[in-house]
Each structure stands twice: as C-alpha cells, then as structure tokens.
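One letter stands for each residue in the lines below.
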Amino acid sequence: MESRMTSRSKPSILDKPLSKGKGDLNLSSFAFLFSEMVQYCQNRVHTVPELQQKLSDLGQHVGFRILDTLFLREKNYKREIKLLNMLLFVKTTVWKTLFGKEADKLEHANDDDKTYYIVEKDPLVNKFISVPKDKGSLNCAAFTAGIVEAVLNGCGFPAKVTAHWHRGTTYMIKFDEAVILRDKNMEGR
C-alpha cells in the first residue's frame with residue numbers, strides 16, 4: 001500500500017519542467033570526441049577545404065538541434081526578429097551554452113553591410129588539435145561556424161558562416177541581401 005502512495009505522489013518525467021541542467025562536460029572527454037570527429041572527417045576527404053566543409057556540416061547538425069532548446073530555456077519561446085539582437089544572442093547566449101563564456105568581439109565590416117565578424121581569440125575547438133604541416137591552413141573552428149550558421153538560418157537569418165585565422169579565429173558571417181533589406185525596413189517603421 002505504501003509503494004502505491006509514493007508512486008502516485010511522485011510526478012512522471014513528462015510532468016517535470018525542463019531544467020537548465022548542469023551542462024558541464026569534462027574537457028578531456030570533449031577533446032577526445034572532437035579529435036575523433038576530425039579524424040573521421042579527415043579520412044573521408046582529400047583537401048583542407050573539403051575537411052572544413054565536412055566539419056561545418058557536422059556543426060550544422062548540432063546547431064539545428066540546440067536552437068529549439070536555447071529558445072525554450074533562455075527566451076521562453078521568443079525568437080529575435082532584429083539582426084543586431086540575433087547577433088548578440090549568438091555572441092552571448094549561444095557561446096555561453098556551448099563554451100561557458102561569451103565570444104570576445106562582435107564587429108561589423110566597414111565596407112560591406114552584409115558582413116559581420118565574431119572574434120574569438122582562443123577557440124576551444126582549436127585548443128587540442130595539432131595540425132599537420134600538409135594541412136597548415138586547417139581551422140577546426142569550421143565546426144563552430146557550422147553551428148552558428150545553423151542557428152542563424154533556423155531563426156530566419158539566412159547566412160553563410162566561415163572560420164578564418166585572424167586575431168585568433170574570426171567567424172565571418174555573410175547575410176543574404178534579403179536579411180539586410182528586412183532589417184532596414186523594420187528600422188524604418
């Protein structure tokens with residue numbers, strides 16, 4: 001009789017709210033898994049650009065899956081509609097969720113309205129990767145660029161995101177022309 005009472009009073013897992021959870025991952029576990037991902041991709045391509053594209057594709061899978069969770073937990077189902085607010089969301093909330101800290105800088109290109117940069121001096125994904133001499137231009141932050149691209153595309157801000165070596169790692173975000181026009185129209189209201 002007593003076991004029935006406890007089972008009735010204890011809510012099922014479906015009745016419990018989504019908590020933020022601990023969210024911590026052992027750094028050595030992450031480093032091992034990520035290096036295995038890089039090796040897996042490396043064995044299936046022939047050039048550095050192909051390898052970076054493969055890492056970006058894997059990052060996009062992660063980005064699409066994390067997007068709904070972020071908006072549910074952080075924004076209470078409210079999505080950003082302004083470009084700058086979306087970029088700040090990526091720089092702060094997405095980065096804190098993934099890496100435990102904000103990205104170092106968010107910059108707008110002087111010569112192009114469609115281009116923005118997120119700068120990270122020492123990305124976690126590059127910390128434990130030793131790049132062979134024949135793949136000297138490899139930037140494993142292409143994985144993170146894929147995550148950012150998926151988050152932006154999933155929120156209605158179509159863009160292409162690439163990772164480059166400049167002041168650490170710079171993520172270059174090139175938005176579609178339609179995004180810039182929509183944002184300018186919203187400012188005009």
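The coordinates are above.
Residues numbered from 1 in each chain as written. Predicted model: local features only at pLDDT ≥ 70, side-chain atom pairs only at ≥ 80, totals over all residues. Heavy atoms only, no water.

Participant: Break down the packing of aromatic side chains for me, citing the residues and quoting the values.
Facilitator: Tallied over the entire structure, the rule returns 5 aromatic pairs. Note on phenylalanine 30 and phenylalanine 34: the rings are 5.8 Å apart at their centroids and 15° apart in plane angle, and the pair reads as stacked. Within this pair, phenylalanine 30 and its partner phenylalanine 34 are both found in helix α2 (residues 27–42), separated by 4 residues, close to a single helical turn. Ring centres of tyrosine 116 and phenylalanine 175 lie 5.8 Å apart, and the angle between their planes is 80°; on these two criteria the pair is classed as edge-to-face. Here the residue tyrosine 116 occupies a position in strand β2 (residues 115–120), and phenylalanine 175 occupies one in strand β4 (residues 169–175), the gap between them amounting to 59 residues. (Phe/Tyr/Trp six-rings, centres within 6.5 Å; stacked < 30°, edge-to-face > 60°. Helix = DSSP H or I, 4+ residues; strand = E, 2+ residues; numbered from the N terminus.)

Participant: Can you tell me about empty space enclosed by the protein, naming the residues and giving the values?
Facilitator: Counting across every chain of the model gives 1 cavity of 30 Å³ or more. Space inside the largest cavity adds up to approximately 30 Å³. What lines the largest cavity is simply Phe30, Ala31, Phe34, Ser35, Leu124, Val125, Phe128 and Ile129. Mapped by element, the contributors of at least two residues to the lining of the largest cavity are α2 and α5 (124–127). (1 Å grid on protein atoms, 1.4 Å probe; cavity = no way out; pocket = protein on both sides within 12 Å on 5 of 7 lines; lining within 4 Å. Points joined across faces, edges and corners; volume = space filled by probe spheres on them.)

Participant: I'd like a rundown of the nonpolar core, residues and numbers included.
Facilitator: Val90, Leu152, Ile173 and Phe175 are the most contacted members of the largest nonpolar core, which totals 46 residues. Here this core takes 8 residues from helix α4 (residues 83–99), the largest share from any one element. Among residues more than four places away in sequence, those in contact with phenylalanine 175 are Leu83, Leu87, Lys114, Tyr116, Leu152, Phe157, Pro158, Ala159 and Ile180. (Core = buried A, V, L, I, M, F, W, Y, C linked by side-chain atoms within 4.5 Å. Buried < 20%, exposed > 50% of the residue type's maximum accessible area, 1.4 Å probe, protein only. Contact = heavy atoms within 4.5 Å.)

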